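Overview (structure and organization)
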Amino acid sequence: MQQTKRTLRRALPLLLLLTGVLLLSACGEQPMVLDPKGPIAGDQKDLILISSLLCAVILVPVLALTAFIVWKYREREGSTAAYEPHFSHSTKLELVWWGIPIVIIIILAAVTARYTYALEPSKPIESEKKALTIQATSLDWKWLFTYPELGIATVNYLQIPEDVPVKFELTSDAPMNSFWIPQLGGQMYTMSGMGMTLFLQADHAGRYYGSGANFSGEYFGDMKFYVDAKPQSEFDAWVKEVKASPAKLTNESYEKLAEKGTSPVMLYSSFPEGLFQRIVTKYAPGGHAHGQTQTVPQSKTDPVQKPLPDAKDDHTQGGSTGTNHSGHTGH
């Protein structure tokens, strides 16, 4: 009976490991980070796979040898394993277990440095097409997206043209969060008083999941949105449809939107000039924000150096709230 109990205790870790493997294998869908739909996410997937393979070169033999040694030299009657109490050194073994990891670490460092430089977030994506600028602001608990070149704004929804670089300018008017569209690229923090730049691109038309990847309070789980990548003609038609909407984002409606709470998808045909810049500098000491953004003017009459409007000023006309769109918002 005691022998049986000892055998079960020894087999328990292996059984738990096999159970975990079976449970993971039951997940039919491929993780989104391993299903890239853009050049940035594709390079990041390559880095993940190369790093995992190099680490496996060390990890797999070590785990296999550990299991072999534990099994071979376990306490049991009639053991024939060699017993060498005076063994202390082997130059060949030292070269193996020090040399191989050092070589792998050097290779891993070189690969990581190369990809880190190539994937620098503010580095423009090489393309014959002009990048579209989208300003993303994390709020409690929703996302505001403004299109400075097009004069429209959305909440918790994005539409972009396929195969066109997108320059995201990121900031926060709430606790720090993290902007993430897994199939297009890695996440980047949104921080108050800072404007950060992230270039992404969707090579294929489709719907992609996006979210805030940080814990930011009670309803942080609702900080998710969808990105529809459409052919240029369909994207242009969607922009015209939004611009024809009577709903406009004003300074007053923005202040209400920025209050704590969740929000459905909203579409606005206009938004106050300088809104993103005012959000960025709101928490910056002396009004000088940190970061890398250089916002594109909304029009030729709105130069970058133009003084920001006062919070009470409103450069739009008309309504105060956005239109609630349920279901699929891209047409």
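Keep in mind that this is a model prediction, so the values were computed, not measured. (Residues numbered from 1 in each chain as written. Predicted model: local features only at pLDDT ≥ 70, side-chain atom pairs only at ≥ 80, totals over all residues. Heavy atoms only, no water.)

Remarks on a nonpolar patch on the surface
Nonpolar side chains collect at one region of the surface, where V57, F87, L93, V96, W97, W98, I100, I102 and I106 lie side by side and expose about 920 Å² of accessible area between them. Residue contributions to the nonpolar patch peak at 7 residues, all from helix α3 (residues 91-118). Structurally, the position occupied by I106 is in helix α3. Exposure remark for I106: the relative accessible area of 55% places this residue in the exposed category. (Patch = residues over 30% accessible without salt bridge, like charges linked within 9 Å, V, L, I, M, F, W, Y side chains within 5 Å. Areas by Shrake-Rupley, 256 points an atom, 1.4 Å probe, with all protein chains shown as cover. Salt bridge = Lys/Arg side-chain N within 4 Å of Asp/Glu carboxyl O. Helix = DSSP H or I, 4+ residues; strand = E, 2+ residues; numbered from the N terminus. Buried < 20%, exposed > 50% of the residue type's maximum accessible area, 1.4 Å probe, protein only.)

Comments concerning the packing of aromatic side chains
Per the stated rule, a full pass over the model turns up 13 aromatic pairs. Relative to F145, the ring of W143 lies with its centre 6.2 Å away and its plane at 10°, an arrangement referred to as stacked. Since its relative accessible area comes to 0%, F145 is described here as buried. In this structure an aromatic cluster arises from ring pairing among W143, F145, F168, F179 and F225. (Phe/Tyr/Trp six-rings, centres within 6.5 Å; stacked < 30°, edge-to-face > 60°.)

Here we look at the pairing of strand β5 (residues 166-172)
The buried fraction of β5 is high, at 7 of 7 residues. Residue alternation in β5 divides its side chains into two sets, V166, F168, L170 and S172 and K167, E169 and T171, and both sets are buried. The pairing of strand β1 (residues 132-139) with β5 spans 7 bridges and is parallel. The partner of S138 across the bridge, within β5, is S172. (Pairing = 2+ DSSP bridges.)

Concerning unusual backbone geometry
Across the junction of D140 and W141, the peptide omega takes the value -15°, indicating a cis bond. By the element assignment, W141 lies in the loop between β1 and β2 (142-147). Despite not being glycine, D163 shows a phi value in the positive range, around 60°. Looking at where D163 falls in the secondary structure, it is placed in the loop between β4 (157-161) and β5. Exposure remark for D163: the relative accessible area of 34% places this residue in the partly exposed category.

Concerning helix α6 (residues 275-282)
Every buried residue belonging to α6 is among L275, F276, R278, I279 and V280, and all of these are buried. For α6, the secondary structure elements touched by its buried residues are β1, β2, β5, β8 (194-200) and α5 (251-257). (Contact = heavy atoms within 4.5 Å.)

Remarks on the pattern of salt bridges
Taken as a whole, this structure holds 6 salt bridges when the rule is applied. K282 is the salt-bridge partner of D173, the closest N and O atoms lying 3.3 Å from each other. Here K282 lies in helix α6 and D173 lies in the loop between β5 and β6 (177-181), a separation of 109 residues in the sequence. Residues D228 and R207 are paired through a salt bridge, measuring 2.9 Å at the closest nitrogen-oxygen approach.

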